[in-house]
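Spelled out from the first residue to the last, the chains are:
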Amino acid sequence: MDPPCYPTGSVALKGRNEGYPGPPAGPSGVQYTSVNMAPEAPEAPKDHVIWSIFNLVHGYPCCCLGLAALIFSYKARDRKVAGDMNGARHYGSTARCLNIWATVLVSIFLLILIIISIVVASTASGIITSFNENQRSNVNYNVNYRG
C-alpha cells in the first residue's frame, strides 16, 4: 500500500544464482521492490528585507520606494511565517519590483550627480585658467612710474 503523495518506482533485484553458470537452483522469478521517496520541498519565497532596508537608508531621492518595499517585505515575511506561500510570493515579488526601481533610480541619480560634478569642475578649472592668463597680460610694469 503506497501513500498517494509519494511516487513509486520499481527496481529489479538480482537473483541468488545470478553470475554463476548453470541452471537456477530454485524458482526463477524476477523480484521487485518499491521505494517511497519524499518529493522535494519547494523553495521558500524570498522577502528581500535586507535589500529593502538598504534602499530605505541609501535611497534618499526615492525613499518612498524603499519604504514601500520594506513594508511589502515584512508582509511577505509575515505571510511566510503564517504558512501562506502564495501570499508570501506575491508580496515578495512586489517588494522585489520596488527594490529594483529604487536601485535603478538611485543609480541614475548618482550617475547624473557624478557627471554634473565633473562638468562643474572642468568649467571652474577653465574659468580659473583664463582669469589667471588675463591677470598676467593686464599687468603693466612701468619702471619709470612715480605715482
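Now for a description of the structure that goes with this document. Predicted model, so just to flag it, every value in this text is computed and none were measured. (Residues numbered from 1 in each chain as written. Predicted model: local features only at pLDDT ≥ 70, side-chain atom pairs only at ≥ 80, totals over all residues. Heavy atoms only, no water.)

Section: the overall build of the protein
- Secondary structure summary: the protein contains 3 helices and 2 strands in total.
- In the protein, buried positions account for 14% of the 147 residues.
- In the protein, of all internal contacts separated by at least 6 residues, the share reaching a separation of at least 24 is 62%.
- Just so you have it, the protein exposes about 11,900 Å², and 63% of that area is on carbon and sulfur atoms. (Helix = DSSP H or I, 4+ residues; strand = E, 2+ residues; numbered from the N terminus. Buried < 20%, exposed > 50% of the residue type's maximum accessible area, 1.4 Å probe, protein only. Contact = heavy atoms within 4.5 Å. Areas by Shrake-Rupley, 256 points an atom, 1.4 Å probe, with all protein chains shown as cover.)

Brief notes about the pattern of salt bridges
- Applying the stated criterion to the full structure yields 3 salt bridges.
- We note a salt bridge from Asp 47 to Lys 80, for which the minimum N-O separation is 3.9 Å. Note that Asp 47 is positioned in the loop between strand S2 (32-34) and helix H1 (49-58) and Lys 80 in helix H2 (residues 63-82), a separation of 33 residues in sequence.
- Residue classification places Asp 47 among the buried residues on the basis of a relative accessible area of 10%.
- Between Asp 84 and Arg 79 there is a salt bridge; the shortest N-O distance is 3.6 Å.
- Assessed through its relative accessible area of 32%, Asp 84 is described here as partly exposed. (Salt bridge = Lys/Arg side-chain N within 4 Å of Asp/Glu carboxyl O.)

Examining H2
- The end-to-end C-alpha distance of H2 is 29 Å, a good match for the 28 Å that 20 residues give at a rise of 1.5 Å each.
- Residues of H2 that are buried include every one of Gly 66, Ala 69, Leu 70, Ser 73 and Ala 76, and no others. Along the axis of H2, the buried residues cluster in a sector spanning 125°; they form a single face. With respect to the buried face of H2, the exposed residues turned more than 90 degrees away are Cys 64 and Ala 82. (Expected span 1.5 Å × (residues − 1). Arc of directions from axis to C-beta.)

A few points about a nonpolar patch on the surface
- Together, Ile 100, Trp 101, Val 104, Leu 105, Ile 108, Ile 112, Ile 116 and Val 120 line one region of the surface with nonpolar side chains, adding up to about 720 Å² of accessible area.
- By secondary structure assignment, the location of Ile 116 is in helix H3 (residues 85-138).
- Since its relative accessible area comes to 48%, Ile 116 is described here as partly exposed. (Patch = residues over 30% accessible without salt bridge, like charges linked within 9 Å, V, L, I, M, F, W, Y side chains within 5 Å.)

Notes on unusual backbone geometry
- Here His 48, not a glycine, exhibits a phi torsion of approximately 60°, which is positive.
- One can find His 48 in the loop between S2 and H1.

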